[in-house]
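Residue strings, one per chain:
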Amino acid sequence: MKKSAIYVVVIIVLLMANLYLFLVPRSGIKNVASSHYFEDIDMETLNQISFTSAGKTVSMIKSKDGWLLDDSLQVDEGFLNTLLIILNKVETSKKISTWEGVTLGEIEIVTASEIVQLQYATNLTKTKAYFIKGDEVSEVSVPGYSDNVTEIFELHPDQWRDRLILDANWRTIQLVKIDYQSSRDITIQFDDKFFLVNGQASQDSVAIVDYLNQFQHFQANEMISRGRFPEFDSLVATQPIAQLVIDNINNKEQVSMKIFPHLSNQNYHLVTLGKEMMIIDAKRVNNLLPVISDFLSD
């Protein structure tokens, strides 16, 4: 009986010790009930957001024509929506008394009534994210979002650009002309009721429709600026393997894309649209460059 009583006392002491360790935070760290980090900011009136990292600044402003990057370029809608979700759902999980590490960059949020400025950082293993505002340091995360919150602020300015090149289909396209450097050229042109291929009726109308429908919401993998990848700056001065000209009734001017050969060990191609440079994966480029036998029998 005496032993049983001793065991009970020991168990109670251990439980109390564990409870104390659970409830009392370690020195310098305060556990807080999860709360939205920007809950006091009226995100409905957000009209500008900027972040600076590694000497590069991304500045996006809301205008009557949508969100603009650096006052002139359309912002990629998908990336913007991800950013807005993060801002609206990011939560504070811990408060830290001081921050002694390095910071990655700065964020500025402008609404109709205030300007909020803060810094962001991560731990050495990049598994945790922190927002630093003055003397207040908060560990932050977004429920259900697997990536580190800070990663979206580290994107290159090019990656925020709208990647939409053309939105067309077989009902709106009037002409596609493919000029090859070393193969037979192909012209697909609407004539009265359907398309002719190099002036001939195709035996496979489905193949033509499938080909033209590739241009529905056609996006580049990524827009790239000159100077970012020297190898592409050199490649653009060479001869393209093909040029595509597309006449679409919803575009004021024809869309003309030059496609360059892919570099060794790369599965994507450099493509230019006027002075704009972009990359498109090799599989899609291959589908854009048919041979005449895809539409006409020998």
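Residues numbered from 1 in each chain as written. Predicted model: local features only at pLDDT ≥ 70, side-chain atom pairs only at ≥ 80, totals over all residues. Heavy atoms only, no water.

**Some thoughts on the overall build of the protein chain**
If you tally the helices and strands in the protein chain, you get five helices and 21 strands. For the protein chain, the residues scored as buried account for 38% of the 298 residues in total. Sequence-distant contacts, at least 24 apart, represent 61% of the contacts inside the protein chain between residues at least 6 apart. On the protein chain, roughly 17,800 Å² of surface is accessible, and the fraction owed to carbon and sulfur atoms is 52%. (Helix = DSSP H or I, 4+ residues; strand = E, 2+ residues; numbered from the N terminus. Buried < 20%, exposed > 50% of the residue type's maximum accessible area, 1.4 Å probe, protein only. Contact = heavy atoms within 4.5 Å. Areas by Shrake-Rupley, 256 points an atom, 1.4 Å probe, with all protein chains shown as cover.)

**Describing the pairing of strand β4 (residues 66-69)**
In terms of strand pairing, strand β3 (residues 56-63) meets β4 through four bridges, oriented antiparallel. The residue of β4 that forms the bridge with Ile 61 is Leu 68. Where β3 hands over to β4, the hairpin turn is made up of two residues, counted between the paired strands. Here β4 runs beside strand β5 (residues 73-74); their pairing, made up of two bridges, is antiparallel. Its bridge partner lying in β5, Leu 68 is registered against Gln 74. A loop of three residues connects β4 with β5, the two strands running antiparallel in sequence, and Asp 70 in this loop sits at a positive phi of about 55°. (Pairing = 2+ DSSP bridges.)

**Brief notes about the pattern of salt bridges**
Counting across every chain of the model gives six salt bridges. The partner of Arg 163 in a salt bridge is Asp 76, with the nearest N and O atoms 2.9 Å apart. Taken together, the positions of Arg 163 in the loop between β10 (136-141) and β11 (164-166) and Asp 76 in the loop between β5 and α2 (77-89) put the pair 87 residues apart, joining distant regions of the chain. Judged on exposure class, the residue Arg 163 and its partner Asp 76 are both buried. For the salt bridge of Arg 228 with Glu 222, the shortest nitrogen-to-oxygen distance reads 2.7 Å. In this structure, a network of salt bridges that share partners links the residues Asp 158, Glu 222 and Arg 228. (Salt bridge = Lys/Arg side-chain N within 4 Å of Asp/Glu carboxyl O.)

**What to know about the pairing of strand β19 (residues 255-259)**
Only one face of β19 is buried, namely the one carrying Val 255, Met 257 and Ile 259, since none of Ser 256 and Lys 258 on the opposite face is buried. Bridge count for β19 against strand β20 (residues 268-273) is three bridges, and the pairing is antiparallel. Looking at β20, one finds that Ile 259 is bridged to Val 271.

**Re the side chain of Thr 111**
Structurally, the position occupied by Thr 111 is in the loop between β7 (105-110) and β8 (115-122). When its relative accessible area of 6% is taken as the criterion, Thr 111 is described as buried.

**Points about the side chain of Asp 76**
On the basis of relative accessible area, Asp 76 is assigned to the buried category, the value being 2%. A distance of 3.0 Å separates the side chain of Asp 76 from the backbone nitrogen of Gly 78, its partner in a polar contact. Those residues in contact with Asp 76, other than ones at most four positions away along the chain, are Trp 160, Arg 161, Asp 162, Arg 163 and Gln 219. (Polar contact = N/O pair within 3.5 Å; in protein donor to acceptor, adjacent residues only side chain to side chain.)

**Points about the confidence of the model for the protein chain**
Residues with a pLDDT of 70 or more make up 88% of the protein chain, whose mean pLDDT is 88. pLDDT under 50 marks residues 1-32. Its contacts with residues more than four places away, or in other chains, come to 16 contacts. (pLDDT = per-residue confidence, 0-100.)

**Thoughts on the environment of Ile 41**
With respect to the element layout, Ile 41 can be found in the loop between β1 (29-36) and β2 (48-53). Given the relative accessible area of 14%, Ile 41 is considered buried. It is 8.7 Å that separates the C-alpha atoms of Ile 41 and Val 116, two residues lying 75 residues apart in sequence. Aside from chain neighbours lying at most four places away, what touches Ile 41 is Thr 111, Glu 114 and Val 116.

**Looking at the sheet that holds strand β17 (residues 222-224)**
With antiparallel pairing, nine strands are arranged side by side in an open sheet as β15-β14-β13-β12-β18-β19-β20-β21-β17. Of all strands in the sheet, those with a lone pairing partner are β15 (200-201) and β17, marking the two edges.

**Looking at the nonpolar core**
Soluble globular proteins: nonpolar side chains tend toward being buried together. In terms of nonpolar packing, the biggest core is built from 34 residues, with Ile 188, Tyr 211, Phe 215, Leu 244 and Met 257 touching the most fellow members. Setting aside anything within four residues of it in sequence, one finds Tyr 211 in contact with Val 176, Ile 178, Ile 188, Leu 244, Asn 287, Leu 288, Pro 290 and Phe 295. In terms of nonpolar packing, the next biggest core, distinct from the first, is built from 31 residues, Phe 38, Leu 83, Ile 86 and Ala 129 among them. (Core = buried A, V, L, I, M, F, W, Y, C linked by side-chain atoms within 4.5 Å.)

**Digging into the packing of aromatic side chains**
Enumeration according to the criterion identifies 17 aromatic pairs in this entry. Taken together, a centroid distance of 5.3 Å and an interplanar angle of 65° make the contact between Phe 51 and Phe 153 edge-to-face. Note that Phe 51 is positioned in strand β2 and Phe 153 in the loop between β10 and β11, a separation of 102 residues in sequence. Here Phe 51 and Trp 160 contribute two aromatic rings whose centre-to-centre distance is 5.5 Å and whose plane-to-plane angle is 55°, an arrangement assigned as tilted. With Phe 51 in strand β2 and Trp 160 in the loop between β10 and β11, this pair connects stretches of sequence that are 109 residues apart. What makes Phe 51 buried here is its relative accessible area of 1%. Through pairs of rings, three or more aromatic residues link up here, namely Tyr 37, Phe 38, Phe 51, Phe 79, Tyr 120, Phe 131, Phe 153 and Trp 160. (Phe/Tyr/Trp six-rings, centres within 6.5 Å; stacked < 30°, edge-to-face > 60°.)

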